[in-house]
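Residue-level listing of the chains:
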Amino acid sequence: MSTAAPNPAQNPATAPATATHSVVVEGDIGIVTVGYPPVNALSRAMRQAIVDGLREAQADAAVRAIVFICDGRTFLAGADITEFGKPPQAPSLYDVQDIIENSAKPVIAAIHGTSLGGGLEVALCCHYRVAVPSARCGLPEVHLGLLPGAGGTQRLPRIVGAAKALDFITGGTHVPARECLAIGLVDELVPEGQLRDGAVAFARKVLAEGRPLRKVRDLDDKMIAARGQPELFADFRQANARRFRGFLAPESNIRCIEAAVHLPFDEGKAVERKLFLELVGGIQSQAQRYAFFAERAAAKIPDVPSDTPIVNVAKVGIIGAGTMGGGIAMNFANVGIPCVLVETAQAALDRGMAVVRKNYENSARRGKLTAAQVEQRMALLTGSLDMNVLADVDLVIEAVFENMAIKKEIFGQLDRICKPGAVLATNTSALDVNEIASAATSRPEAVVGMHFFSPANVMKLLEVVRGAKTSHTALATAMQVGKKIGKVAAVSGVCPGFIGNRMLRARGEQAQAMVMEGAMPWDIDQVLYDFGMPMGPFAMSDLAGLDIGWSRETSQGATIREVLCEMDRRGQKTGAGYYDYDAARNARPSEVTRQIVLDFMARQGKVARAVSTEEILERTVYAMVNEGAKILEEGIAQRASDIDTVYINGYGWPVYRGGPMFYADTVGLPTVVARLQAYGDRMGAGFQLSPLLERLAAEGKHFTR
Ligand code: T1G
């Protein structure tokens, strides 16, 4: 258990010291190649390498045009994020760009892998850009709580237009090369695997056709055109208000693009600089940069050697074709891995397959997939009622409903059917993985938890649950599979609710308790919504259905939830739960629920009191933090930043607050402890302050640094 998140900025050991450059002259073309593994981030060393390479080529009389290309698996992946917050060092990114843009010889950027952030901003200073079809370009700074601070907000709109730039920059997506060609960002696609030669041929064409030294900064046509559309920005703001809620960076990005439209280049760049500096020093960007590294750190398991053998997962089996099973299967079909779904009844299998097809067809209707891609994915999914079809799969994921006896029965069968070396995973969200593994008697080491979140084909998070006997191979395989299917995987030990649900329960207990003290469900939800959560616990319960695990036969009206269910107020699906819902499922506070709560309190002799917004926030969030600290000291989570990665990717925690543990550090652990102690008995009989939290607070330490 380490409290500190490994941050490369603080672990210079992870950052290689040097960057490389070379200049090769082929006829009258100078090829400048630079490298700074693993992703060619624009560190000081890399900036220097680019400057040295360019100067060398520019000084060579034989050279009439320059191809700028990167070594390794990608073009420049942007500024070196580990350098933020440190004193700037020369050459600056502006220096690099000036040498390129003001070159007397045309400079052609040759793009492969990803050209991102400052990397694309460097390419935008080149006079031309070519790419291989598999390349992607993007300005993802908004995901770091920033904006493209090296002229990207001024140059990109001049090429793609203001409207496209708004989507491109506030979306922060990695745009495929073909689309970049279509919007003019790339001038030509060269054959896959022939980037260098293709770029040299393009450079020769530029010389042969006497093409100009085209500076993007001088291209004003599209800016002038946009001046005639004042509604463009207002409409964009309105259309995206919900998506940008709580974030500071999107508005700053929009203001920069507005400046590009209305101001001369250098004045627009000054606006960009001012807004960039405001963001880079702010807590939101610090939180989002922390989340970036936390997500990458979560993939590392300190005691599992990096050369641990991994099972090559070429075929997957899924047991249960229900909502979870179907969603999980889609993840594998999406990356081309064949998947067989096993059910107990044909009707259930058909229903499950039909839901999967409907999901794909919905994506096709929204233009996310072609009809051919839908068929391609469906062709990878087969169904069976016979467990023996799992004899040749490399990985099985059991996704049946939460019943220990049934799961143990299944794992006993898998133990007999599956080939040696197969990984046996359970998607349980709460049951004891060690007990399930004990059923696979001959190979408990092959059992691991792979806890997906609903909808499993959409939610990013994968909690990989490490059992007491789980082997390094099974664990590392589950983590790698998670990355392959586009999930953010984090390791959890075995305990009720693992990391995420366990902390959620602590929050829920405080929420329920405060309802019995006078706060209404919608008061509590509003506080967490304003804090940045997509919805509060009561709205979430109404969405999931209040009758999960409830039955009229056993119901005793012992909780408000039971009373609501007895009245057939079971949530959105019945048009009423904690809230009342209109036909469009818009929620509004319910007088019925208010009366139920007041009656309930009266029956228990409780008197309602005013519960402040501050108390609601502190008791719910600090209870989670306290539980997170316990999870850390028990070794259930490897590091505090894993807990934050779980909450950001699986529970809608606003990334601009960095996660519960990072947030607690920003509030100050002494304050968290003092507030929890101040609430005293209100926290409930079972509430216990985490010794780790108390100790760190007393020592002036933090969870995440
Ligand atoms: N700076 C520093 N380290 C970086 C880095 C970066 N930009 N990008 C990646 N790394 C590290 C990462 O932490 C990991 O380290 C290793 O490289 C491999 O990364 C002025 C302000 C390029 C798509 O936002 O999106 O430019 O864990 O595991 O899955 O306007 O990395 O091994 O120790 O993610 O193959 C804008 C960020 C910066 C792109 C590759 N750029 N990177 O994905 O590998 S802000 C970005 C990525 C900027 C300018 C502004 C991805 C990738 P470690 P990885 P991957």
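Residues numbered from 1 in each chain as written. Predicted model: local features only at pLDDT ≥ 70, side-chain atom pairs only at ≥ 80, totals over all residues. Heavy atoms only, no water.

## Quick look at the overall build of the chain
Piece 1. For the chain, the count of helices and strands is 28 helices and 19 strands.
Piece 2. Taken over C-alpha atoms, the radius of gyration comes to 28 Å for the chain, in line with the 27 Å a tight globule of 705 residues would show.
Piece 3. For the chain, the spread of C-alpha atoms along the three principal axes comes to 90 × 60 × 55 Å.
Piece 4. Taken across its 705 residues, the chain has 55% of its residues classed as buried.
Piece 5. Counting contacts in the chain only where the partners sit at least 6 residues apart, residues at least 24 apart contribute 73% of the total.
Piece 6. As presented, the chain carries roughly 29,000 Å² of accessible surface, and 55% of it is formed by carbon and sulfur atoms.
Piece 7. The positive charge centre, built from 75 side chains, and the negative charge centre, built from 76, are 2 Å apart in the chain. (Helix = DSSP H or I, 4+ residues; strand = E, 2+ residues; numbered from the N terminus. Rg over C-alpha atoms; globule rule 2.2 N^0.38 Å. Buried < 20%, exposed > 50% of the residue type's maximum accessible area, 1.4 Å probe, protein only. Contact = heavy atoms within 4.5 Å. Areas by Shrake-Rupley, 256 points an atom, 1.4 Å probe, with all protein chains shown as cover. Lys, Arg positive; Asp, Glu negative; His and termini not counted. Charge placed at Lys NZ, Arg CZ, Asp CG, Glu CD.)

## Here's the deal with the packing of aromatic side chains
Piece 1. Applying the stated criterion to the full structure yields 15 aromatic pairs.
Piece 2. Centroid distance F538 to Y578: 4.8 Å. Interplanar angle 75°. Geometry classified as edge-to-face. Here F538 is found in helix 21 (residues 537-544), whereas its partner Y578 is found in the loop between helix 22 (560-566) and strand 18 (579-581), with 40 residues between them in sequence. As far as the burial class goes, F538 and Y578 line up, both buried.
Piece 3. Grouping aromatic residues by their ring pairs yields a cluster made of F453, Y647 and Y651.
Piece 4. The side chain of R211 reaches across the aromatic face of Y128, ending 5.8 Å from its centre.
Piece 5. The ring of Y94 carries the charged tip of K269 above its face, separated from the ring centre by 4.1 Å. (Phe/Tyr/Trp six-rings, centres within 6.5 Å; stacked < 30°, edge-to-face > 60°. Lys NZ or Arg CZ within 6 Å of the ring centre and 35° of its normal.)

## Focus on the sheet that holds strand 6 (residues 128-131)
Piece 1. Reading across from one edge, 1-2-3-4-6-9 is the order of the 6 strands in this open sheet, with mixed pairing throughout. Sheet topology places strand 1 (20-26) and strand 9 (188-189) at the edges, where each strand pairs with a single neighbour.
Piece 2. In this structure, strand 4 (residues 107-111) lies alongside strand 6, joined through 4 bridges in parallel fashion. Paired with A109 across the strands is R129, a residue of strand 6.
Piece 3. Lying on the sheet, helix 7 (residues 195-208) is in contact with strand 1, strand 2 (29-35), strand 3 (65-70), strand 4, strand 6 and strand 9; it crosses strand 3 at an angle near 160°. (Pairing = 2+ DSSP bridges. Axes fitted to C-alpha atoms, helices over the stretch in contact; angles between N-to-C directions.)

## Here we look at the pattern of salt bridges
Piece 1. Throughout the structure, instances matching the rule amount to 41 salt bridges.
Piece 2. Residues R214 and D187 are paired through a salt bridge, measuring 3.0 Å at the closest nitrogen-oxygen approach. Linking R214 in the loop between helix 7 and helix 8 (221-227) with D187 in the loop between helix 6 (177-182) and strand 9, this pair joins segments that are 27 residues apart in sequence.
Piece 3. Taking the relative accessible area as the measure of exposure, R214 reaches 23% and is therefore partly exposed.
Piece 4. Measuring nitrogen to oxygen at the nearest pair gives 3.3 Å for the salt bridge that ties K407 to E402.
Piece 5. A relative accessible area of 0% places K407 in the buried class.
Piece 6. On the accessibility criterion, E402 (37% relative accessible area) is partly exposed.
Piece 7. Through salt bridges that share partners, E517, R609, E615, R619 and R682 make up one connected network. (Salt bridge = Lys/Arg side-chain N within 4 Å of Asp/Glu carboxyl O.)

## Things to note about the pairing of strand 10 (residues 316-319)
Piece 1. Residues V316 and I318 line one face of strand 10 and the alternating positions G317 and I319 line the opposite face, and both faces are buried.
Piece 2. Here 4 bridges tie strand 10 to strand 13 (residues 395-398), and the two strands are oriented parallel to one another. Paired with G317 across the bridge in strand 13 is V396.
Piece 3. Two strands pair when backbone bridges link them, and strand 10 and strand 11 (residues 339-342) are joined in this way by 4 bridges, in the parallel orientation. Pairing of I319 across the sheet is with V342, part of strand 11.

## Observations concerning a positive patch on the surface
Piece 1. A surface patch of like charges, here positive, comprises R73, R296, K300 and K483.
Piece 2. Note on placement: R73 falls in the loop between strand 3 and helix 2 (93-101). (Patch = residues over 30% accessible without salt bridge, like charges linked within 9 Å, V, L, I, M, F, W, Y side chains within 5 Å.)

## Some thoughts on helix 27 (residues 669-679)
Piece 1. Every buried residue belonging to helix 27 is among L669, V672, V673, L676 and Y679, and all of these are buried. Projected down its long axis, helix 27 carries its buried residues within an arc of 130°, all on one side.
Piece 2. Where the residues of helix 27 are buried, they touch helix 24 (613-633), helix 26 (660-667) and helix 28 (691-698).
Piece 3. Following helix 27 by one or two positions, G680 has its phi on the positive side, about 45°. (Arc of directions from axis to C-beta.)

## Considering the packing of helix 19 (residues 500-515) against helix 25 (residues 640-650)
Working note: a packed helix pair is described by the angle between its axes plus the distance between those axes.
Piece 1. At a minimum axis distance of 10 Å, the contact between helix 19 and helix 25 shows a crossing angle of 75°. Between helix 19 and helix 25, the crossing angle belongs to the class labelled roughly perpendicular. Facing helix 19, whose interface residues are G500, M503 and L504, helix 25 presents I643, V646 and Y647.
Piece 2. Looking at the contact of helix 19 with helix 25, its residues break down into 5 nonpolar, 1 polar and no charged. (Parallel < 35°, antiparallel > 145°, perpendicular 65-115°, else oblique. Nonpolar A, V, L, I, M, F, W, Y, C, P; charged D, E, K, R; others polar.)

## Considerations on the environment of K460
Piece 1. Here K460 shows up in the loop between strand 15 (447-452) and strand 16 (461-465).
Piece 2. K460 sits 28 residues away from V488 along the chain, and the two C-alpha atoms are 5.6 Å apart.
Piece 3. The contact partners of K460, leaving out residues within four places of it in the chain, are G486, K487, V488 and N649.

## Let's talk about the side chain of E618
Piece 1. Inspection of the secondary structure puts E618 in helix 24.
Piece 2. Here the side chain of E618 touches Y679 through a polar contact of 2.5 Å, side chain to side chain.
Piece 3. Those residues in contact with E618 that sit more than four places away from it in its chain are A623, R675 and Y679. (Polar contact = N/O pair within 3.5 Å; in protein donor to acceptor, adjacent residues only side chain to side chain.)

## Some words on the sheet that holds strand 14 (residues 423-426)
As a general point, the strands of a sheet are linked pairwise by backbone hydrogen bonds and lie either parallel or antiparallel.
Piece 1. With mixed pairing, the 8 strands of this open sheet are ordered in space as 12-11-10-13-14-15-16-17. Every interior strand has two partners, whereas the edge strands, strand 12 (381-384) and strand 17 (488-492), have only one. Sheet twist, expressed as the mean angle between neighbouring strand axes with direction ignored, is 25°.
Piece 2. Direction of pairing for strand 14 relative to strand 15: parallel, over a ladder of 3 bridges. Considered in strand 15, the bridge of T426 is made with G449.

## A short note on the site of the ligand
Piece 1. Taken together, 29 residues form the shell around the ligand, and within it R73, E121, E141, R296 and K300 come nearest.
Piece 2. Contact between the ligand and K483: an oxygen atom at 3.2 Å from a side-chain N or O atom of the residue.
Piece 3. If the ligand stood free it would expose 1,000 Å²; the protein chains cover 81% of that surface.
Piece 4. Breaking the shell around the ligand down by element, the ones donating at least two residues are strand 5 (114-116), helix 3 (118-123) and helix 12 (283-297).
Piece 5. With 3 residues, helix 12 is the largest single contributor of residues to the shell around the ligand. (Near = heavy atom within 4 Å.)

## Quick word on the confidence of the model for the chain
Piece 1. For the chain, mean pLDDT is 95; residues scoring 70 or higher make up 97% of the total.
Piece 2. Scored below 50 in pLDDT, residues 1-13 makes 31 contacts in the model with residues more than four places away or belonging to other chains. (pLDDT = per-residue confidence, 0-100.)

## Description of the environment of M223
Piece 1. One can find M223 in helix 8.
Piece 2. On a C-alpha basis, the gap between M223 and I159 in space is 9.3 Å, while along the polypeptide they are 64 residues apart.
Piece 3. In this structure M223 touches P157, R158, A162, A260 and V261, once residues within four positions along its chain are discounted.

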